[in-house]
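If you want the building blocks of each chain, they are given just below.
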Amino acid sequence: MIRVTVWNEFYHETVNEEVRKIYPEGIHGAIKAFLSEEEDFTVRAVTMSDPEFGLSEEILNSTDVLIWWAHVKHGEVPDAVAARVKERVLKGMGFIGLHSAHLCKPFTMLMGTSCGLRWRDNDRERIWNVNPSHPIAKGIGDYFELDHEEMYGEYFDIPVPEDIIFLGWFKGGEVFRSGCTFRRGYGKIFYFQPGHEEHPTYYNPNVQKIIKNAVRWTAPVNTRAAIDSPWAESPEKLLAEK
Ligand code: ZN
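Described in the following lines is the structure provided in the data block. Here the structure is a predicted model, which means the values were calculated and not measured.

Considerations on the coordination of the zinc ion
Stage number 1. Distances from the zinc ion to its protein donors, H99 (NE2), E150 (OE) and H196 (ND1), fall within 2.0 to 2.1 Å.
Stage number 2. In primary-sequence terms, the residues that donate to the zinc ion follow H-x50-E-x45-H. Taken as a pair, H99 in the loop between β4 (94–98) and α6 (105–111) and H196 in the loop between β9 (187–192) and α7 (205–218) lie far apart in primary sequence, 97 residues in all.

Structural data, given as structure tokens:
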């Protein structure tokens, strides 16, 4: 079984009636619902208001793949909690950053760049499958369209990805690396751009299929109980000893 934890800041759904109508159980609830259709997944959802921001050692240590949705509350996640997530990824936990999670602390810590991008409101998006033999693209055609999605455009300030799986094109002319993979330590990372809270993106069958594929791809193959390199312990100490 792949143990999936869906993390959501859970803010827009509590303050915006339009968003609540689209996601009455929260975005995390909608994602949990479609992932729970898979017999090889066990899925739980946590939010920022849970103890330890929903990211206790106990939860992280029993998570194979962490899915992250956040938008306006990035700054409220303590650095120490974000660092705990990063450490788990380095030891093998999969991480899937959705939509505005491009600016969440664990993702920017793992990337090491600003992760900034160009954006504007609602547009029509065509998502091209530019890596059809990749496991995350399994069952996805040449392209699919979302009638309404927030425009995210290049330049997207990320390190060069291991693979680009999807390329988004917007009616306004912008393009975006909408689906990218990275590896850090023993962990695998997938970033996927669609999922603005004002649109029903997470009910789209292609979007659901991609996230399911990404769970299977980011699930750990080998894990490491501890980072045992002396350099990981304290580079300053080692330098002092020289
Ligand atoms: Zn958005």
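Looking at the pattern of salt bridges
Stage number 1. The full count for this structure, using the stated rule, is 18 salt bridges.
Stage number 2. Of the charged contacts, one joins D64 and R3 as a salt bridge, the two residues approaching to 3.0 Å between their closest N and O atoms. Placement of D64 in the loop between α4 (57–61) and β3 (65–69) and of R3 in strand β1 (residues 2–8) is noted, with a sequence separation of 61 residues between them.
Stage number 3. Of the residues examined, D64 reaches a relative accessible area of 12% and is grouped as buried.
Stage number 4. Between R177 and E154 there is a salt bridge, with its nearest N and O atoms 2.9 Å apart. Here R177 is found in strand β8 (residues 175–184), whereas its partner E154 is found in the loop between β6 (143–153) and β7 (163–170), with 23 residues between them in sequence.
Stage number 5. For R177, a relative accessible area of 15% puts it in the buried group.

Some words on unusual backbone geometry
Most peptide bonds are trans, and most residues other than glycine sit at a negative phi.
Stage number 1. Here the amide bond leading from E154 into Y155 is cis, since omega sits at 15°, within 30 degrees of zero.
Stage number 2. Tracing the sequence through the fold places Y155 in the loop between β6 and β7.
Stage number 3. Residues other than glycine seldom take positive phi values, yet E52 does so here, at roughly 55°.
Stage number 4. Along the chain, E52 turns up in the loop between β2 (41–47) and α4.
Stage number 5. At C115, a residue that is not glycine, the phi angle is positive and equals roughly 60°.

Describing α7
Stage number 1. Over its 14 residues, α7 runs 20 Å from end to end, which matches the ideal 20 Å to within 8%, given 1.5 Å per residue.
Stage number 2. The element α7 is largely enclosed, with a buried count of 10 among its 14 residues.
Stage number 3. Regarding α7, the residues found buried are V207, Q208, I210, I211, K212, N213, A214, V215, W217 and T218.

Re the sheet that holds β9
Stage number 1. The mixed open sheet is built from 9 strands, whose spatial order is β2-β1-β3-β4-β9-β8-β7-β5-β6. Where the open sheet ends on each side, the last strands, each with one partner, are β2 and β6. Taking the axes of each pair of neighbouring strands and ignoring which way they run, one obtains an average angle of 25° across the sheet.
Stage number 2. Where β4 meets β9, 4 bridges bridge the pair, whose relative direction is parallel. Paired with G97 across the strands is Y191, a residue of β9.

Scoring rules and cut-offs
Residues numbered from 1 in each chain as written. Predicted model: local features only at pLDDT ≥ 70, side-chain atom pairs only at ≥ 80, totals over all residues. Heavy atoms only, no water. Donors = N, O, S within 2.8 Å, 3.2 Å for Na, K, Ca; no water. Helix = DSSP H or I, 4+ residues; strand = E, 2+ residues; numbered from the N terminus. Salt bridge = Lys/Arg side-chain N within 4 Å of Asp/Glu carboxyl O. Buried < 20%, exposed > 50% of the residue type's maximum accessible area, 1.4 Å probe, protein only. Expected span 1.5 Å × (residues − 1). Pairing = 2+ DSSP bridges. Axes fitted to C-alpha atoms, helices over the stretch in contact; angles between N-to-C directions.

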